[in-house]
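In case you want the letters, here they are:
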Amino acid sequence: MVNGSSNSPVVFHINGEKHTVDGNSGISPNTALVDYIRDVADLKGTKVMCREGGCGACTVTAKIVDPNSGSIIHKSVNACLTPVLSCDGWDISTIESLGNKHEGYHVIQNRLVNFHGTQCGYCTPGMVMNMYGLMGSGKEIGMEDIEKNLDGNICRCTGYRPILDAFKSFANDASNDLKQKCADIEDCATCPMKKGNGESCMAQTVKEKSIKFHSGQEWKSPKTLENALKAANECNKAGVAFRIVAGNTSTGIFKNQPAPTVFIDVTGIPELKKTTVDQHGIILGGGTSLSEVLRIMREASTTPGLEYGKKVATHLERVANVSVRNNGTIGGNLMIKHAHNDFPSDVFVILETLRASIQIVSLKSGQRETVSVSLPDFLRTNMDGKLIKSISLPTRLGYFYRSFKITRRYQNAHAYVNAGFLFKIEKKGESFIVAERPRIVFGGVSGDFIHATSAEEYLEGKDLSQENTLTKALESLEKQLKPQSGALESSPKYRTHMAKALLYKTILEIIGKKANDKLQSGSSDLERIMTSGTQTYDAGNTETNLFKSVPKCESNIQASGEAEYTGDIPVQRNELYGAFVLSTVANGDISNIDASEALKVEGVERFVSASDIPGLNDVMKYNAWPSMIQEPVFAAKKISTHGQAIGLVLATSTELARSAAKLVKVTYENVTTPIVKIEQAIAKAKEEGTFARQTVGVFKTAPSEEIKVAHTVKGTCDFGSQYHFYMETQSVICHPREDGIDIYCCTQWMEHVQHTVGMILNIPSNSVNVQVRRLGGGFGGKGTRTTFVAAACAVATWVSRRPCRIVLDLDTNMSMIGKRSPYHIPYEVGFDDEGRIGSLKADLICDTGCSSNEATTFIAMLHIQNCYKAIGWEVGTHFVFTNTPSNTTVRAPGSVQSVAAIEWIMDHIGNYLKKDPLEIRMKNLLNTGDALLFGHGPPATYQRENMIPKIVEQMKSTADYEARNEYISLFNKQNRWKKRGFSVVPVRYNVEYFSTNYPVSLAIYHVDGHVAVSHGAIEMGQGINTKVIQAIAHGLQIPMDRIKVKPSNTFVGANAFVTAGSIASELAVYCATKACEQIRENLRPILEKLENPTWDKLIKEAHAAKVNLTASYTPTRKDDLKGYDVWVVCANEVEIDVLTGEYKILRTDVYEDVGRSLSPAIDMGQIEGGYIFGQGYWTTEKIIYDENTGKLLTNGTWDYKPPECKDIPQDFRVTLLSNQHNAQGVLGSKATGEPVTDAAFGVVLAMRNAIASARADAGNTDWFQMSGPVTPEDIAMLCLTDTTHLTV
Ligand SMILES: Cc1cc2nc3c(=O)[nH]c(=O)nc-3n(C[C@H](O)[C@H](O)[C@H](O)COP(=O)(O)OP(=O)(O)OC[C@H]3O[C@@H](n4cnc5c(N)ncnc54)[C@H](O)[C@@H]3O)c2cc1C
Ligand code: FES
Ligand code: FES
């Protein structure tokens, strides 16, 4: 026990309710606050996804007493990284404290709802709590603060714009537009406003404690440095493993550290939080949170000599994210660097640049001893039993300071490279003399490289404005750099380039106007201004709620956390939790599985594997989807991918099951090096002679006499993979039932789960009852892939006869589940002088992963023609195998890559002929009667009207096409180091009703006339439930609040096809409309008898007259539903930093024809979200497998980066084209979710044009290829900058 400490329990409040935790509470010192909140306090509104501090789903707020000042701090924190035992004295608020359907909703919730800021809703409670934390901080909030504050909260559905608008409407500088929207909206808020429990505060100061657990572990919370050191020393003496716990955020990065026996919680030690700022400098307590450091730095910057504080604060704003910074400490960050020298710590780089020192405290003969060391010496210091007491920063009067962080994503991403520069400059006339040895510090180069000592030495006394100085400094820097390489690092070449580029940028800034005018653009960072968005649509006149923007029917309960997802379903008595055992090789055979060690763990009940399966061990044997290759539930012998399921450990808690799964020993034989790259797979298939067979055919069109092919160009497009990143990971719960088994899961395809489980358990389909309430995002990843988890869970329930639950952790989800197929597309195109294509030979080669069951090649083929004529085309389709999980559908599968390929080809032609690529596109447009390459059956000619010319005309005027292009040319002429590019991409997205089976049943209750409806489609954020309610309200002429949508299930939704391809919303609306027609027909005789009856009276009378008040509808051939085209034009403007490769999307204009929108706000959300999904694919999201083991390396939020709110276009304008009634669609509407995802490729073409300008300045005007995604590294390398270009 720590001296003077008690073993009384930890006490904290959640939403005003007191909670006490001690060694008998059934929790462990590792238990995260989020698990306590969800499983013990039973508050399911707080969600959990990454457990890495990287997604924000788990955000809650806490009021705590600052141990130093005694004041109350109100902050948002990641409940996934916060140990519940560190919450002693905290007053925690979860989403439930804000508002609910009984008491009314909080104003933040109402705003989000009415600004249409929710789709699947899984991120929403975290978003609300993030905003609540910001508002609770008591600061004046500007729009910029709100945008910065959302840096740790990912939304995969919305594209952020509506969330930002909703929250910015609270800002003191909210734009007039937002204020106006608010004024309109507040009138339509349906519930009274609730203020939340923000006013009261139950946070309290707490005493030292020491809590022992049955496991032998101990939690100590000393309140003095001496006691903390004593506790550490005692552990050392006894040889007991211990860990200092500050913010505990490092566990989000290093997830698999062994649990220590003793935890020493230092968060309550006042001395560690003590800071001083005076004329001598700044002293920061080692336990100061990074948020606090940021505030102190900003405030200190007004003190002479501490001006650097402002730039440091700006850099710190890009370290981690707000919630991590609120808990994570400066000492903790430095200790990460101490343990992992190659960690690209921004804190370390900043402090070392400023020559900070670290005060380390330890006990020597029972007495406290403090030594002060430099940062490099700190890295060499044995820190065992010692603490970082403080960090001292000196004043730097008259110095120039600058630091950099170059990342893949603007916010919440660790550095590729970071750097800091400190120069003392003496200005003598026109010269800039380096008065003393400068400090040049780099991070991310290699573990032992800190200072560019040669460059530092060389530069002392030199004039920075001299060309010669720069050249020599860069030379000496380059000589010293030896970047380490690693699969997840950027290339050594790029990092060498970056180091030089950053020194160059710094020198350019110092010499300012002395540099050549054109070069001055190199000095500044690529800063983003605040995001803005415009949405244009004309809803026309509508008398009912159809065709009108209405809030989503479940958005209130999503914003309040009341919406239930699969993982929120209450636990049953006796329930077991499953964790997968995954293969650790990618290609080989299992020789033995030994689960004995796992089974010895108390609480582990069973190990389930292939031998437990009573029926067929194949998840893809499904008659409506002809599977070619067996995909087992659990591998029995053959292993095809790293991360393949081998078995399932069942235990009494998820934590136990996951740790026991690691104890299952699997041995392998015949292991060979895997194939993880498409090029390797193509070579192998060609070598083995299988390439020609692996095809869905070659498709051809006739050449034309009219087009004389005068030029030919060729190239290859290489496009990578993409993870769905749905915020709700795969989750399944199975309950044994008298008639078979009930399955609650997050599938997009209930029938697939139902029939597959039937076959696997060897029971008929009517014994398997599948129910789906909603999905926390799907994007194609929950089509067939959820069935793997459902099948495993069903087997577990079948053999154990107990309820079982599997909720995948992010690593398992990413490693086990397939993703978007990479493509390799070689092409050769022939064209005439005008750019008209007369021949095209291309191959769409798809990497399907380890099975071709979901090859997207035929969809790619369907879309490659896009909106163009196909004259003399010959397009082949191939699929090849890699040892990666079987790839699957991802938003706009196949079409994203093939549309990108043809658009790339258009630019290639434009470049060759030196013509505007838009002109080439317009020359090649498809017209009525032209030949079609694929997909429409005979006669294979186009029978519709191409809308692109009209939309392009509209774009040219509203997006200011000519003027902006002119300005860009001028900008590029005037600036060597910043370049802009523009692109226009048109899309024809052919929608076919590949299935119409989305049955709808509705029932009217005679007692009060209220309506219930269920459909066979799946609500996953796309607004299907809202559209169905709107259609019924319209069809029956009743208010929307009289209608409720019930969960989808395999009884009402029998035989329903997968909800995918954007068509399910329209078809469910179609069926709802038809069901309403039946009801109206049934009611007609009663209506004719009564005179203008109220709805309630009509229904009562009808019931009395034995009229059928239920109806259901499933389309048949008679309905003759026909497909149509959706038209999109997207104009993009980007700016790149030629030196670093960073970019920003200045403006994006999207024009989409949505027919007559059934629900414009929902369609707008689908378009904005769909565009950002595509943008992520082309920019920030990169999937990397280890080439030796086949392991997925980008398996969490640390390395995989979907866009965040500062990655979206700075100015994002979306127009729904008005008056576009679709004669073939449902009620005149069109599908919206996927077409725009294809158009996002425009961002690559705009980047290409910007890069081309930089290359031209570097003397190279040749065509160049680019592969996707395009990272800052790619941009910088493609710009062909070499050291000789870095001049002043
Ligand atoms: C999502 C995410 C993004 C991040 N992004 C960045 C980034 O962009 N740039 C960057 O630089 N960092 C980044 N980080 C790292 C982050 O700054 C650190 O996790 C944080 O500062 C660690 O502080 P902590 O208090 O939580 O440390 P803890 O996790 O509590 O502890 C970390 C280590 O330090 C030891 N320790 C803690 N305090 C002391 C002390 N006073 N004396 C001695 N030992 C101590 C602990 O024993 C432990 O070994 C990120 C982290 C996360 C989770
Ligand atoms: S679950 Fe906590 S940040 Fe993702
Ligand atoms: S609504 Fe944000 S993740 Fe779905």
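This is a predicted model, so every value here is computed, not measured. (Residues numbered from 1 in each chain as written. Chains lettered and ligands numbered in written order. Predicted model: local features only at pLDDT ≥ 70, side-chain atom pairs only at ≥ 80, totals over all residues. Heavy atoms only, no water.)

**Student:** Mind showing me how you'd approach the overall build of the protein chain here?
**Tutor:** Helices and strands together make up the secondary structure of the protein chain, namely 35 helices and 45 strands. Taken over C-alpha atoms, the radius of gyration comes to 31 Å for the protein chain, in line with the 33 Å a tight globule of 1288 residues would show. Its C-alpha atoms give the protein chain principal-axis dimensions of roughly 95 × 75 × 70 Å. Burial analysis of the protein chain (1288 residues in total) assigns 64% to the buried set. Across the protein chain, the fraction of contacts at a sequence separation of at least 24, relative to all contacts at a separation of at least 6, is 77%. Summed over its atoms, the accessible surface of the protein chain is roughly 45400 Å², and 49% of this surface lies on carbon and sulfur atoms. (Helix = DSSP H or I, 4+ residues; strand = E, 2+ residues; numbered from the N terminus. Rg over C-alpha atoms; globule rule 2.2 N^0.38 Å. Buried < 20%, exposed > 50% of the residue type's maximum accessible area, 1.4 Å probe, protein only. Contact = heavy atoms within 4.5 Å. Areas by Shrake-Rupley, 256 points an atom, 1.4 Å probe, with all protein chains shown as cover.)

**Student:** Sorry, what's going on with the side chain of aspartate 1153 here?
**Tutor:** Topologically, aspartate 1153 is positioned in the loop between strand S44 (1143-1152) and helix H32 (1160-1178). From its side chain, aspartate 1153 meets the backbone nitrogen of glycine 1155 in a polar contact 3.0 Å long. Among the polar contacts made by the side chain of aspartate 1153, one reaches the side chain of lysine 1230 at a distance of 2.6 Å. Beyond its immediate stretch of four places on either side in the chain, aspartate 1153 contacts Asp1125, Val1126, Trp1127, Leu1217, Gln1220 and Lys1230. (Polar contact = N/O pair within 3.5 Å; in protein donor to acceptor, adjacent residues only side chain to side chain.)

**Student:** What should I look at first to understand the packing of helix H21 (residues 750-761) against helix H22 (residues 786-800) in this one?
**Tutor:** When two helices pack together, their arrangement is captured by the angle between the axes and the distance separating the axes. Look at H21 against H22: their axes get within 10 Å of each other, and the N-to-C directions meet at 40 degrees. With respect to H22, the element H21 is oriented oblique. At the point where H21 passes H22, the crossing takes the right-handed sense. Facing His752, Val753, Thr756, Val757, Ile760 and Leu761 of H21, the residues of H22 in contact are Thr787, Ala790, Ala791, Ala794, Val795 and Trp798. Looking at side-chain class alone, the contact of H21 with H22 contains nine nonpolar, three polar and no charged residues. (Axes fitted to C-alpha atoms, helices over the stretch in contact; angles between N-to-C directions. Parallel < 35°, antiparallel > 145°, perpendicular 65-115°, else oblique. Left-handed = near helix turned anticlockwise from the far one by under 90°. Nonpolar A, V, L, I, M, F, W, Y, C, P; charged D, E, K, R; others polar.)

**Student:** Sorry, what's going on with the sheet that holds strand S27 (residues 665-669) here?
**Tutor:** Through backbone hydrogen bonds, the strands of a sheet pair up, either in parallel or in antiparallel fashion. One open sheet holds the three strands; their spatial order is S25-S23-S27, and the pairing between them is antiparallel. The sheet terminates laterally at strand S25 (638-639) and S27, the two strands that pair on one side only. In this sheet, S25 lies alongside strand S23 (residues 588-594) in antiparallel orientation, the contact comprising two bridges. Of the residues in S25, the one forming a bridge with aspartate 589 is lysine 638. (Pairing = 2+ DSSP bridges.)

**Student:** Mind showing me how you'd approach the pattern of salt bridges here?
**Tutor:** For side chains of opposite charge, pairing can occur when their charged atoms come near one another. According to the stated counting rule, one finds 79 salt bridges in the structure shown. Residue glutamate 509 is joined to lysine 311 by a salt bridge in which the shortest nitrogen-to-oxygen separation is 3.9 Å. Taken together, the residues span a long stretch of sequence, with glutamate 509 in helix H16 (residues 492-511) and lysine 311 in helix H9 (residues 308-316) at a distance of 198 residues. Across the pair lysine 1122 and aspartate 1120 runs a salt bridge, and its minimum N-O distance is 3.0 Å. (Salt bridge = Lys/Arg side-chain N within 4 Å of Asp/Glu carboxyl O.)

**Student:** In this structure, what is going on with helix H3 (residues 124-136)? I would like to understand it.
**Tutor:** Structurally, the α-helix is built with 3.6 residues per turn, so residues lying three or four positions apart point the same way. For H3, built from 13 residues, the straight-helix expectation of 18 Å at 1.5 Å per residue is met to within 8% by its first-to-last C-alpha distance of 18 Å. Of all 13 residues in H3, eleven are buried, a share of seventy percent or more. Among the residues of H3, Thr124, Pro125, Gly126, Met127, Val128, Met129, Asn130, Met131, Tyr132, Gly133 and Leu134 are the ones counted as buried. Positive phi appears at glycine 138, one or two residues downstream of H3, with a value of about 80 degrees. (Expected span 1.5 Å × (residues − 1).)

**Student:** Looking at this structure, I do not really get the UniProt feature "domain: FAD-binding PCMH-type" (unreviewed entry) in the protein chain. What am I missing?
**Tutor:** Per the UniProt record, "domain: FAD-binding PCMH-type" (unreviewed entry) is found at residues 212-398. Its end C-alpha atoms 54 Å apart, residues 212-398 is made of 34% helix and 25% strand. (UniProt positions renumbered as here; feature names shortened; annotations may be inferred.)

**Student:** For this particular structure, what's the right way to read the site of ligand 1?
**Tutor:** Inspection of the region around ligand 1 gives 33 residues, with Thr249, Ser250, Thr329, Asp346 and Lys405 positioned closest. Measuring from an oxygen atom of ligand 1, one finds a backbone N or O atom of isoleucine 244 at 2.8 Å. In this structure, asparagine 248 approaches ligand 1 through a main-chain N or O atom, which is 2.8 Å from an oxygen atom. In isolation ligand 1 has 970 Å² of accessible area, and contact with the protein removes 94% of it. Elements with a minimum of two residues in the shell around ligand 1: strand S10 (242-245), helix H11 (330-339), helix H12 (346-353) and strand S16 (387-394). Along the lines of polarity and charge, the residues of the shell around ligand 1 split into 16 nonpolar, twelve polar and five charged. (Near = heavy atom within 4 Å.)

**Student:** Got a minute to help me understand the packing of aromatic side chains in this structure?
**Tutor:** Any pair of aromatic rings gets described here by the distance separating the centres and the angle formed by the planes. For the structure shown, the criterion picks out 32 aromatic pairs. With centroids separated by 6.2 Å and ring planes inclined at 50 degrees, the aromatic side chains of tyrosine 967 and phenylalanine 971 adopt a geometry described as tilted. Of this pair, tyrosine 967 and phenylalanine 971 both sit in helix H28 (residues 961-974), four residues apart, which is roughly one turn of that helix. Judged by its relative accessible area of 43%, tyrosine 967 is partly exposed. One aromatic cluster is present, formed by Phe719, Trp904, Tyr1177, Trp1178, Phe1241 and Trp1263 through successive ring pairs. (Phe/Tyr/Trp six-rings, centres within 6.5 Å; stacked < 30°, edge-to-face > 60°.)

**Student:** Help me understand H22 in this model?
**Tutor:** Across its 15 residues, H22 extends 21 Å between first and last C-alpha, which sits within 8% of the 21 Å expected from 1.5 Å per residue. Along H22, 13 of the 15 residues are buried, which leaves the element largely enclosed by surrounding structure. Of the residues trailing H22, arginine 801 is marked for its positive phi of about 55 degrees.

**Student:** What am I meant to see in the environment of valine 753 here?
**Tutor:** Positionally, valine 753 belongs in helix H21. With 34 residues separating them in the primary sequence, valine 753 and threonine 787 have C-alpha atoms 5.1 Å apart.

**Student:** Any chance you could explain the sheet that holds strand S8 (residues 209-212) here in plain terms?
**Tutor:** Strand order in the open sheet made by the four strands is S8-S9-S11-S10, with mixed pairing throughout. Taken across any chain shown, the strands that pair with only one partner, and hence form the sheet edges, are S8 and S10. For this sheet, the mean angle separating the axes of adjacent strands, direction not counted, is 15 degrees. Summarising the sheet, S10 and strand S11 (residues 262-265) pair through four bridges and their orientation is parallel. Residue pairing across strands places valine 245 opposite aspartate 265, the latter belonging to S11. Lying over the sheet, helix H7 (residues 225-238) contacts strand S9 (218-221), S10 and S11, oriented at roughly 165 degrees with respect to S11.

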